[in-house]
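# Breakdown of the fold
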Amino acid sequence: MKTSLQLFICVIILLSMVEAEPDPLQDYCVADTKSPFFINGALCINPKFVVSSHFATSALAIRGKTSGNMFGSNVTLTNTANLPGLNTMGLTLARIDIAGNGIVPPHSHPRASEVTICLDGTLLVGFVDTSGRLFTQQLRPGESFVFPNGLIHFLFNLDSFKPALALSGLNSQNPGAQIASLATFTSKPSIIDEILKKAFQINGQDVSKIRKNLGG
Ligand SMILES: *[C@@H]1O[C@H](CO)[C@@H](O)[C@H](O)[C@H]1NC(C)=O
């Protein structure tokens, strides 16, 4: 009896520790996007001047252009600039447009877990855990998948012609994103060839070619 109570308390404590971002200390803290100060988030404007439109955005109503970019996808995010009302709420919404056979390439978010819902088309999504195991699933409209915090994941439009649309929620107002291929091959300044040659078991020409292909 006593141990189950202790276990219960432990679970409660652990649950309270997995929160992605600290709770806001007021009802809202509408971002003062013109403030020159840098804090963990954005400063708030005076609540007296807050209006309904601070909590609304049409940023995700616009289809992201997918032609002319190498991955055939376009991710549109809410942020404190286009949705000032979400400051300190620990939330981001993402609209993901993917052309036929386009991808959101393997990438990770250092500060957020992500839940994605397929709204249109057929998607193959997945993530790789820290032991190297792949979890993957095919999604039809209305079906969802979650990507754990910080793990490398991807989305792929299985249809060659029809565009796909997904919507994602992330539990940070600034999830951050690192695309694996770009981070390694197109950083500024570059990671020296010797490292990339060994890491990917390729030669110097391969390094130059990949770098060039990725626009680096
Ligand atoms: C994403 O779509 C928007 C809206 O069409 C466009 O302005 C932007 O350049 C696109 N980004 C990429 C990377 O294609």
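Only a predicted model underlies this, so the values are computations on that prediction, with no experimental measurement involved. Sequence order as written defines the numbering, with residues in each chain counted from 1. Given that this is a predicted model, residues contribute local features only at a pLDDT of at least 70 and side-chain atom pairs are listed and counted only at 80 or more, while totals for whole chains, interfaces and linings are drawn from all residues. Side-chain measures here rest on the full set of heavy atoms in the structure, leaving out hydrogens and waters.

Right, let's get into the site of the ligand. Any residue with a heavy atom positioned within 4 Å of a molecule or strand is treated as near that molecule or strand. Around the ligand, a shell composed of Arg63, Gly64, Lys65, Asn69 and Asn74 is seen. Contact distances for the ligand include 2.8 Å between an oxygen atom and a backbone N or O atom of lysine 65. The side chain of asparagine 74 places a nitrogen or oxygen atom 2.3 Å from an oxygen atom of the ligand. Areas reported here follow the Shrake-Rupley algorithm with a probe of radius 1.4 Å; residue values treat only the protein chains shown as occluding. Coverage of the ligand by the protein chains reaches 43% of its 360 Å² of free accessible surface. Under the convention adopted here, Pro, Cys and the residues Ala, Val, Leu, Ile, Met, Phe, Trp and Tyr are nonpolar, Asp, Glu, Lys and Arg are charged, and Gly plus all remaining residues are polar. Of the residues that constitute the shell around the ligand, the class distribution is no nonpolar, three polar and two charged. The definition of a polar contact used here is a pair of N or O atoms within 3.5 Å, where within protein one atom must be able to donate a hydrogen and the other to accept one, and adjacent residues in sequence count solely through side-chain atom pairs.

To continue, consider the domain arrangement of the protein. Splitting the protein by domain gives domain 1 (50-176) and domain 2 (186-216). Residue ranges labeled as domains rest on an automatic or database domain assignment. Domain 1 and domain 2 are separated by 28 Å when their C-alpha centres are compared.

As a further point, take the sheet that holds strand β5 (residues 123-128). Pairing between the strands of a sheet is mediated by backbone hydrogen bonds and can be parallel or antiparallel. A pair of strands is treated as paired once DSSP finds two or more bridges between them. Per the convention used, a helix needs a DSSP run of H or I reaching at least four residues, while a strand needs a run of E reaching at least two, with both numbered from the N terminus. The strand order across the open sheet formed by five strands is β6-β5-β8-β3-β10, and the pairing between neighbours is antiparallel. Pairing within the sheet leaves two strands with one partner each, and these edge strands are β6 (134-139) and β10 (178-179). Pairing of strand β3 (residues 103-108) with strand β8 (residues 152-157) involves three bridges; the strand directions are antiparallel. Looking at β8, one finds that valine 104 is bridged to leucine 155.

This paragraph deals with the side chain of threonine 78. Along the chain, threonine 78 falls in the loop between β1 (73-77) and β2 (92-98). For threonine 78, a relative accessible area of 4% gives the class buried. Pairs of residues are marked as contacts when any of their non-hydrogen atoms sit within 4.5 Å. When near neighbours in sequence (up to four residues on either side) are disregarded, threonine 78 contacts Thr57, Leu60, Leu83, Leu86, Thr92 and Leu93. Summary of the burial criterion: residues with accessible area below 20% of their type's maximum are buried, those above 50% are exposed, and those between are partly exposed, where the area comes from a 1.4 Å probe applied to protein chains only.

What follows deals with the sheet that holds β1. If you trace the five strands from one edge of the open sheet to the other, you get β1-β2-β9-β4-β7, paired in antiparallel fashion. Lying at the two open borders of the sheet, with one neighbouring strand each, are β1 and β7 (144-147). Neighbouring strand axes in the sheet, compared pairwise and without regard to direction, differ in orientation by 20° on average. Where strand β4 (residues 114-120) and β7 come together, four bridges link them in antiparallel fashion. Pairing of glutamate 114 across the sheet is with phenylalanine 147, part of β7. Interaxial angle, 0 to 180 degrees, is taken between N-to-C directions of lines fitted to C-alpha atoms, where a helix line uses only the stretch in contact.

By size, the foremost hydrophobic cluster in this structure holds 14 residues, and its most contacted members are Ile98, Leu123, Val125, Leu139, Phe145, Phe147 and Leu155. Sorting the residues of this core by element identifies β2, β5, β7 and β9 (164-170) as the ones contributing at least two each. With three residues, the top contributor of residues to this core is β5. When sequence neighbours within four positions are dropped, the list of residues in contact with leucine 123 reads Ile98, Cys118, Gln137, Gln138, Leu139, Leu155, Phe156, Asn157, Leu158, Ala164 and Ala166. Think of a nonpolar core as a cluster: buried Ala, Val, Leu, Ile, Met, Phe, Trp, Tyr and Cys residues, connected wherever their side-chain atoms sit within 4.5 Å. Phe71, Phe185, Leu196 and Leu214 belong to the second-largest nonpolar core, a separate cluster that totals five residues.

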